[in-house]
Structures are given as C-alpha cells and as structure tokens.
Amino acid sequence: MQIYKNSLVNIQIENSEVPWLKIFVNREVKEFSDCTFEEKLEIFKILEIIEKLMINYFNCEKINIASFGNYVAQVHFHIMARFKEDSYFPESMWGVKQREAKLSLPSFEEFYELLRKSL
C-alpha cells in the first residue's frame, strides 16, 4: 500500500510484524547508479526522516536498511525497525525465524500519519 508520493519517489508499506517501509523511485530504474542526482538526494533525505522517526516513535533496537532488487528490478530501499523480541532478530526479516514475536508496539497508522506530516 502506498502512503506517500512526490514527483521523484513513493513510499509503500510492507505488511509485517515490524514497522517496514519501502522507498521506490517513480521512474523505471534498475540500478541506483542509473538514478538522477535529484532522485538519489530524495531517497537519502527520506531514508533519514524515516529512520529518525522510527527510532523515536518505536524505540527500536536497530534500523535495518536494505536494497536488493533481485525479484523487483526497480530501485527501492527497505527500512525496518527491529526489536530483540521480533520473530527474526538478530537474523534479517528474510532469515530463519527465531521465535514467536512478543511485540507491543505503538500504532502503525499513527506513525504513518506522523511520517506524512514530516515529509
């Protein structure tokens, strides 16, 4: 689900037990090096906003940022708030499940609204 879009990028929600957003370049671009300077700046600006907001709002253990594009050959970045009690920590969210999650997190919807206001 898309929660934000401007002329360069859009932000989508990844359905997960942890707060997980993805930033996509709007143009069809396969590699980060193919992005314009303006697109690169916008990605980094939004990554920083999301990271700081996730840290302050969710009080997470760590922020994970990833960019693969093996299945979706479109430039995009994953930003995830991680917690010692989530199902996969310290593994990646694509890794081996370590336990059943024991998370009690603030409202994701309220977080998305704060993010929209920050952008």
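Here goes a summary of the coordinates provided. (Residues numbered from 1 in each chain as written. Predicted model: local features only at pLDDT ≥ 70, side-chain atom pairs only at ≥ 80, totals over all residues. Heavy atoms only, no water.)

**Regarding the overall build of the protein chain**
Thought 1: Along the backbone of the protein chain there are two helices and five strands.
Thought 2: For the protein chain, the spread of C-alpha atoms along the three principal axes comes to 40 × 30 × 20 Å.
Thought 3: Put simply, the protein chain has 119 residues, and 40% of those count as buried.
Thought 4: Taking contacts inside the protein chain between residues at least 6 apart in sequence as the whole, the part at least 24 apart equals 49%.
Thought 5: Accessible area of the protein chain: about 7,100 Å², with a carbon and sulfur share of 49%. (Helix = DSSP H or I, 4+ residues; strand = E, 2+ residues; numbered from the N terminus. Buried < 20%, exposed > 50% of the residue type's maximum accessible area, 1.4 Å probe, protein only. Contact = heavy atoms within 4.5 Å. Areas by Shrake-Rupley, 256 points an atom, 1.4 Å probe, with all protein chains shown as cover.)

**Brief notes about the pairing of strand E2 (residues 9-13)**
Thought 1: Summarising burial for E2: four of the five residues are buried, a large majority.
Thought 2: As paired strands, strand E1 (residues 2-5) and E2 are joined by three bridges and run antiparallel to one another. Among the inter-strand pairings, Lys5 is bridged to a residue of E2, identified as Asn10.
Thought 3: Where E1 folds back onto E2 in an antiparallel hairpin, the turn is made up of three residues.
Thought 4: As judged from the five bridges shared by E2 and strand E3 (residues 20-25), these two strands associate in the antiparallel manner. Looking at the pairing, Ile13 lines up with Leu21 of E3.
Thought 5: Where E2 hands over to E3, the hairpin turn is made up of six residues, counted between the paired strands. (Pairing = 2+ DSSP bridges.)

**Focus on the packing of aromatic side chains**
Thought 1: This structure, assessed with the given rule, holds ten aromatic pairs.
Thought 2: Residues Phe32 and Phe77 carry aromatic rings whose centres are separated by 5.7 Å and whose planes lie at 85° to one another, so their mutual orientation is edge-to-face. In this pair, Phe32 is assigned in the loop between E3 and helix H1 (37-58) and Phe77 in strand E5 (residues 76-82), connecting sequence segments 45 residues apart.
Thought 3: Under the relative-accessibility criterion, Phe32 is labelled partly exposed at 26%.
Thought 4: You can call Phe77 buried: its relative accessible area is 12%.
Thought 5: Pairing Phe68 with Trp94 gives two aromatic rings, centres 5.1 Å apart and planes at 90°, and the pair type is edge-to-face. Placement of the pair is Phe68 in the loop between strand E4 (62-66) and E5 and Trp94 in the loop between E5 and helix H2 (108-118), with a sequence separation of 26 residues.
Thought 6: You can call Phe68 exposed: its relative accessible area is 51%.
Thought 7: Clustering of aromatic rings is evident, with ring pairs tying together Tyr57, Phe58, Phe108, Phe111 and Tyr112.
Thought 8: Sitting above the plane of the Phe32 ring, Lys40 keeps its charged end 5.5 Å from the centroid. (Phe/Tyr/Trp six-rings, centres within 6.5 Å; stacked < 30°, edge-to-face > 60°. Lys NZ or Arg CZ within 6 Å of the ring centre and 35° of its normal.)

**Observations concerning the nonpolar core**
Thought 1: Counting residues in each nonpolar core, the largest one holds 33 residues, and the members touching the most others are Ile11, Leu21, Ile23, Ile50 and Met54.
Thought 2: Put simply, the parts of the chain that give this core at least two residues each are E1, E2, E3, H1, E4, E5 and H2.
Thought 3: Per-element accounting of this core gives the leading share, eight residues, to H1.
Thought 4: Those residues in contact with Met54 that sit more than four places away from it in its chain are Pro19, Trp20, Leu21, Asn59, Cys60, Ile63, Ile79, Met80, Ala81 and Phe111. (Core = buried A, V, L, I, M, F, W, Y, C linked by side-chain atoms within 4.5 Å.)

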